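# Results of the structural survey
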Amino acid sequence: MSTFTERLWKHVAPIWEKTHQHPFVTGLGDGTLPVESFAFYMKQDYVYLIDYAKIFAIASTKAHDLETSAKFAGLQEATLNGEMALHRQYAERFGISREELEATEPSFVMIAYTSYMLKVAHQGSLAELVSAVLPCMWGYWEIGKKLAKVEGAMNHEWYGEWVRTYSSEEFGELAAWLIGLMDQLAEGKSEQELARLEEHFLTTSKMEYLFWDMAYRKEMWPC
Ligand SMILES: Cc1ncc(C[n+]2csc(CCO)c2C)c(N)n1
């Protein structure tokens, strides 16, 4: 018997493969990514994470046991003060102030992405919420591991810190925890329910791709 996340992995493989080949992602590894695209990404990602942290808070209220509730509360804290500190550090290097970072005008891809996750978080079950946020964590872990193997990527003057963060053992453990929770929550669910979880997972995986692409092209609203 294979696990539910093995099923997800099989179905998402072509989307993730396309993501790994995107010039933003390969450029993070080999250093060819234009630094202006990276700065654009950091700003959009900062406002993305403001929403994302709220989704962890919702997950904490929907948790079925105290341990899971505490873990999500901790994740909200880690996002606001850990992951976003990385962004604040980068912004400082770029000469972008905290106020400017926080006042970033959201791109339409960023709004579409977080709005989808927030909708699922508010309206769906905990299993649905986890299926929608899983590509962010699992996907970054896969990218982090891949880029860490690229010669010089860990020590690159701009992107090294990013690669070290998302390939770290600590981050891997977090991703593994969420994958385990997804499998646990999928247990005993009907095929109809599992199909809904898979749909969320595939949708946000595609959103991840779009996020890289939006940042690479520095794409804002067309009008
Ligand atoms: C577009 C986008 N997708 C995924 C992540 C990664 N991420 C989002 S929340 C979280 C948990 C810990 O803070 C992690 C690792 C990101 N930053 N930006």
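For the structure, check the block above.
The notes below deal with the structure included here.

Thresholds, definitions, all that
- Residues numbered from 1 in each chain as written.
- Predicted model: local features only at pLDDT ≥ 70, side-chain atom pairs only at ≥ 80, totals over all residues.
- Near = placed C-beta within 6 Å.
- Helix = DSSP H or I, 4+ residues; strand = E, 2+ residues; numbered from the N terminus.
- Nonpolar A, V, L, I, M, F, W, Y, C, P; charged D, E, K, R; others polar.
- Expected span 1.5 Å × (residues − 1).
- Buried ≥ 20, exposed ≤ 12 C-beta atoms within 10 Å, placed from the backbone.
- Arc of directions from axis to C-beta.
- Contact = placed C-beta atoms within 7 Å.
- Axes fitted to C-alpha atoms, helices over the stretch in contact; angles between N-to-C directions.
- Parallel < 35°, antiparallel > 145°, perpendicular 65-115°, else oblique.
- Left-handed = near helix turned anticlockwise from the far one by under 90°.
- Core = buried A, V, L, I, M, F, W, Y, C linked by C-beta atoms within 7 Å.

## Some thoughts on the site of the ligand
In the vicinity of the ligand lie 13 residues, with Thr79, Glu83, Cys136, Tyr140 and Phe211 positioned nearest. Breaking the shell around the ligand down by element, the ones donating at least two residues are helix 3 (35-62), helix 4 (66-94), helix 7 (126-148) and helix 10 (191-217). Looking at the shell around the ligand residue by residue, the classes come out as nine nonpolar, one polar and three charged.

## Brief notes about helix 9 (residues 169-186)
When the terminal C-alpha atoms of helix 9 are compared, their 26 Å separation across 18 residues agrees well with the 26 Å that a helix rising 1.5 Å per residue should span. The set of residues buried in helix 9 consists of Ala175, Ile179, Leu181, Met182, Leu185 and Ala186. Down the axis of helix 9, the buried side of the element spans an arc of 160 degrees, and every buried residue falls inside it. Set apart from the buried face of helix 9 by more than 90 degrees, the exposed residues are Glu169, Glu170, Glu173 and Gly180. Of the surrounding elements, those touching the buried residues of helix 9 are helix 1 (4-20), helix 4, helix 7 and helix 10.

## What to know about the packing of helix 6 (residues 108-123) against helix 7
The description of two helices packed together rests on the angle between their axes and the distance between the axes. Where helix 6 meets helix 7, the axes come as close as 8 Å, and the angle between the chain directions of the two elements is 160 degrees. Classified by the angle their axes make, helix 6 and helix 7 are roughly antiparallel. Relative to helix 7, helix 6 is oriented so that their crossing is left-handed. On helix 7, the residues touching Met117, Val120 and Ala121 of helix 6 are Glu128, Leu129, Ala132 and Val133.

## Brief notes about the nonpolar core
The tendency in soluble globular proteins is for nonpolar side chains to be buried as a group. Counting residues in hydrophobic clusters, the biggest one holds 57 residues, and the most contacted among them are Ile55, Leu129, Val130, Val133 and Met182. When residues no more than four places from it in sequence are discounted, the contact partners of Leu129 are Ile55, Ile58, Ala59, Lys62, Val120, Ala121 and Gly124.

## Digging into helix 2 (residues 23-30)
The set of residues buried in helix 2 consists of Phe24, Leu28 and Gly29. Along the axis of helix 2, the buried residues cluster in a sector spanning 140 degrees; they form a single face. A positive backbone phi angle near 80 degrees is found at Gly31, which sits one or two residues after helix 2.

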